[in-house]
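Chain and residue survey
These are the residues of each chain, in order.
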Amino acid sequence: MGIKPRSQLTDADRRRMERLQRLAGDVIDKRHLKDMSPEAERKRLVAEASAKCDERFPLMVRDASLSDPAVCDWVDRFKSGTIHDHQSLMISGAVGAGKTWQAYAALRNVATSPRVNPRTGFEYLLKWRSMTFSQFAASIRPQHGADLRTEFDALIRVPLLMIDDFGSGKITEAVEDATYMLVDYRLMHKLPCIFTTNLGARDFKDVVGDRTTSRLRHMCERVVMKGHDRREAGVY
């Protein structure tokens, strides 16, 4: 039996494909699993995940390491259970306090820790995206030839999302609406985020509105980092 062109797929065909994709559970290529021990396969996954972090992380934070006790505790808890079992992480504090450094350290730590898919028994790597809030705001602006709806849907559905400098820059009505949609979707579907922000607890409503602020308070564990500007001190 030949393969149907995508244009000839029925709704039943598409639902069947979606079920198969969900069953796969984001499992990384397992063609050689039978020839590898579990330990060797885990090492391969960790090496692959580490290389992906090196490729996609900003150069400044590729060597970021965990040091804040509260962030360390969140990472340790995140590694157990499913991704839906845990709150998101909001790291706040003054400019230069080390928020971005700790956020990328947390992201690398969880991204390089293989998880077990309960339906298949296979280990897999968690899919993730990272960006600044300014990049998020730019991504929703109309662009020639860009499918903004598809890109936005992919962004809000990614298993783990990190947004640096949340609430920074000019917040237009369109950005505020898109931020609400993103936060609301991820709250309702229990998809975790890692945020960093310079905003104080009382500033959120003025910047992103009451609805988004309420949802962020419900979904996030807040860590406040204090101290001097490490960039000025030449720590980085």
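The text that follows walks through the structure, step by step, so that each part is easy to find. Keep in mind that what you see is a predicted model, and the values were worked out from it rather than measured. (Residues numbered from 1 in each chain as written. Predicted model: local features only at pLDDT ≥ 70, side-chain atom pairs only at ≥ 80, totals over all residues. Heavy atoms only, no water.)

**Comments concerning the packing of aromatic side chains**
Following the criterion strictly, the structure yields eight aromatic pairs and no others. Ring geometry for Phe-133 and Phe-166: centres 5.1 Å apart, planes at 65 degrees, overall edge-to-face. Here Phe-166 lies in the loop between strand E5 (160-164) and helix H7 (173-188) and Phe-133 lies in helix H5 (residues 133-139), a separation of 33 residues in the sequence. Take Phe-133: its relative accessible area is 1%, and that puts it in the buried class. Every member of this aromatic cluster is reached through a ring pair, and the members are Phe-133, Phe-136, Phe-152, Phe-166, Phe-195 and Phe-204. The aromatic ring of Trp-128 is capped on one face by Arg-56, whose charged end is 3.8 Å from the ring centroid. One cation-aromatic arrangement involves Arg-211 over Tyr-180; the distance from NZ or CZ to the ring centre is 3.8 Å. (Phe/Tyr/Trp six-rings, centres within 6.5 Å; stacked < 30°, edge-to-face > 60°. Helix = DSSP H or I, 4+ residues; strand = E, 2+ residues; numbered from the N terminus. Buried < 20%, exposed > 50% of the residue type's maximum accessible area, 1.4 Å probe, protein only. Lys NZ or Arg CZ within 6 Å of the ring centre and 35° of its normal.)

**Structural notes on the pairing of E5**
Burial within E5 is extensive, with five of its five residues counted as buried. By the alternation rule, side chains of E5 split into Leu-160, Met-162 and Asp-164 and Leu-161 and Ile-163, which are all buried. Relative to E5, strand E4 (residues 128-132) runs parallel, the two being bridged by five bridges. Within E5, the position partnered with Arg-129 by the bridge is Leu-161. Examined bridge by bridge, E5 and strand E6 (residues 193-197) share three bridges and lie parallel to one another. (Pairing = 2+ DSSP bridges.)

**Overview of the pairing of strand E1 (residues 88-93)**
Taking burial as the measure, the six residues of E1 include six buried ones, the bulk of the element. Side chains Ser-88, Met-90 and Ser-92 of E1 all project onto a buried face; the interleaved residues Leu-89, Ile-91 and Gly-93 project onto the opposite face, where all are buried too. One ladder, built from six bridges, connects E1 with strand E7 (residues 220-225); its direction is parallel. Across the sheet, the residue bridging to Ser-92 is Val-224, located in E7. Examined bridge by bridge, E1 and E6 share four bridges and lie parallel to one another. In the sheet register, Ser-92 faces E6, and the bridge partner there is Thr-197.

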